[in-house]
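# Inside the fold
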Amino acid sequence: MAAPSRLSLEEARILGVLIEKQATVPDTYPLSLNALTAGCNQKTARDPVMNLSEAEVLAAIDSLRGHDLVIESSGSRVARYSHNLARVYQLPTPAVALLTLLILRGPQTAAELRSHCERLYRFADISSVDAFLEELATRPVALTRMLPRAPGTRENRWAHLLCGEPVLP
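Numbering of residues starts from 1 in each chain and follows the order in which that chain's sequence is written. Local features are withheld for residues below a pLDDT of 70 in this predicted model, meaning they are given only at 70 or higher, and side-chain atom pairs are given and counted only at 80 or more; totals for whole chains, interfaces and linings count all residues. Remark: hydrogens and water are excluded; side-chain values derive from all non-hydrogen atoms of the structure.

### Structural notes on the overall build of the protein
Numbering goes from the N terminus for both helices and strands, where a helix is a DSSP run of H or I of at least four residues and a strand is a run of E of at least two. Each helix and strand in the protein was counted, giving seven helices and five strands. The order of α-helices and β-strands along the protein, N terminus first, is α-β-α-α-β-β-α-α-α-α-β-β. Its C-alpha atoms put the protein at 50 × 35 × 30 Å along the principal axes. In the protein, which comprises 169 residues, the proportion classed as buried is 44%. Note that accessible areas follow from Shrake-Rupley with a 1.4 Å probe, and for residues the cover is restricted to the protein chains shown. Carbon and sulfur atoms make up 52% of the accessible area of the protein, which amounts to about 8900 Å² in all. Burial classes: relative accessible area under 20% of the type maximum marks a residue as buried, over 50% as exposed, and values in between as partly exposed (1.4 Å probe, protein chains only).

Laid out in structure tokens, this is it:
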């Protein structure tokens, strides 16, 4: 099945949390609905901060499952969920790490992304971050975009396009 042309904010957050938790807490991955909801509603390292109910998370999971972006595994007493973003979008690990940070933390500079990505993927330098961001921006269906430089800033920020065009301040 093809990747959706646009994700909701809730769907993107769920994918971001699943990818992040796969790398940071592998012992509890795949995630239960309770753990996934808690990750979506986490107050730190999230922009925007969300307050999703389990019902809202389940509805978004069902939509993502329809596009093969989330896989439900059973076998224990509790259903658990894992992501399938890399395969569906045909992305290498560094690109998945960058998209994850943009989904979870909002627009960032290449230097911020390199610093924040340490737990998901270790980039050698900022030029390698830039190269992956450019590759994501020049795909037939772009997944990232460099935003115009904001007044008073020295560097451009990047945003993901999984939810459509970013709203500029």
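Next comes the rest of the account.
### A look at the packing of helix α1 (residues 9–24) against helix α3 (residues 54–66)
For helices, the fitted axis covers only the stretch in contact; all axes are lines through C-alpha atoms, and the angles between them, taken along N-to-C directions, range from 0 to 180 degrees. It is at 9 Å that the axes of α1 and α3 come closest, and there the two elements cross at 80°. One finds that α1 runs roughly perpendicular with respect to α3. On the side of α1, the interface is formed by E10, E11, I14 and L15, while α3 contributes V57, A60, I61, S63 and L64. In this count, Pro and Cys sit with the nonpolar residues alongside Ala, Val, Leu, Ile, Met, Phe, Trp and Tyr, while Asp, Glu, Lys and Arg are called charged and the others, Gly among them, polar. In the contact of α1 with α3, the residues fall into six nonpolar, one polar and two charged. Oblique is the label for any angle not covered by the other classes, which are roughly parallel (under 35 degrees), roughly antiparallel (over 145) and roughly perpendicular (65 to 115). By the convention used here, residues are in contact when the closest approach between their heavy atoms is within 4.5 Å.

### Quick notes on the pattern of salt bridges
Salt bridge criterion: a side-chain nitrogen from Lys or Arg within 4 Å of a carboxyl oxygen from Asp or Glu. Applying the stated criterion to the full structure yields eight salt bridges. As a salt-bridge pair, R46 and E20 come within 2.6 Å of each other at their nearest N and O atoms. Pair noted here: R46 is in the loop between α2 (33–40) and α3 and E20 is in helix α1, with a separation of 26 residues, a long-range link. The pair formed by R46 and E20 is uniform in burial state, with each residue classed as buried. Of the charged contacts, one joins R65 and E72 as a salt bridge, the two residues approaching to 3.0 Å between their closest N and O atoms. Put simply, E20, K21 and R46 are held in one network by salt bridges that share partners.

### Comments concerning the packing of aromatic side chains
What counts as a ring pair is set by centres within 6.5 Å for rings of Phe, Tyr and Trp (its six-membered ring), and what kind of pair is set by the plane angle: stacked under 30 degrees, edge-to-face over 60, tilted for all other angles. Here the structure, examined in full by the defined rule, presents two aromatic pairs. The rings of Y121, F123 and F132 are connected pair by pair, giving a single aromatic cluster.

### Topic: the nonpolar core
In these notes, a set of buried Ala, Val, Leu, Ile, Met, Phe, Trp, Tyr and Cys residues joined through side-chain atoms within 4.5 Å is what counts as a nonpolar core. I14, L36 and L91 are the most contacted members of the largest nonpolar core, which has 34 residues in total. Where this core is concerned, the elements lending two or more residues are α1, α2, α3, α4 (85–89) and α5 (93–105). Among the elements that line this core, the one with the most residues is α1, at six residues. Of all hydrophobic cores here, the second largest spans twelve residues; its members include L98, L113, C117 and F123.

### Here's the deal with the environment of F123
Checked against the element boundaries, F123 lands in the loop between α6 (110–116) and α7 (126–137). A relative accessible area of 3% means that F123 is categorised as buried. F123 sits 41 residues away from S82 along the chain, and the two C-alpha atoms are 24 Å apart. Residues within four places of F123 in sequence aside, it is in contact with P94, L98, R114, C117, S128, V129 and F132.

### Some points on the sheet that holds strand β3 (residues 80–83)
At least two DSSP bridges between two strands are needed for those strands to be called paired. Taking strand neighbours across the sheet as the criterion, the three strands line up as β1-β3-β2 in an open arrangement whose pairing is antiparallel. Only two strands of the sheet have a single neighbouring strand rather than two, namely β1 (31–32) and β2 (70–73).

### Here's the deal with the packing of α5 against α7
As a packed pair, α5 and α7 sit with axes 10 Å apart at the nearest point and diverge in direction by 85°. With respect to α7, the axis of α5 lies roughly perpendicular. Residues P94, A95, L98, L99 and L102 of α5 touch α7, and the partners they reach there are V129, F132, L133 and L136. Looking at the contact of α5 with α7 residue by residue, the class counts come to nine nonpolar, no polar and no charged.

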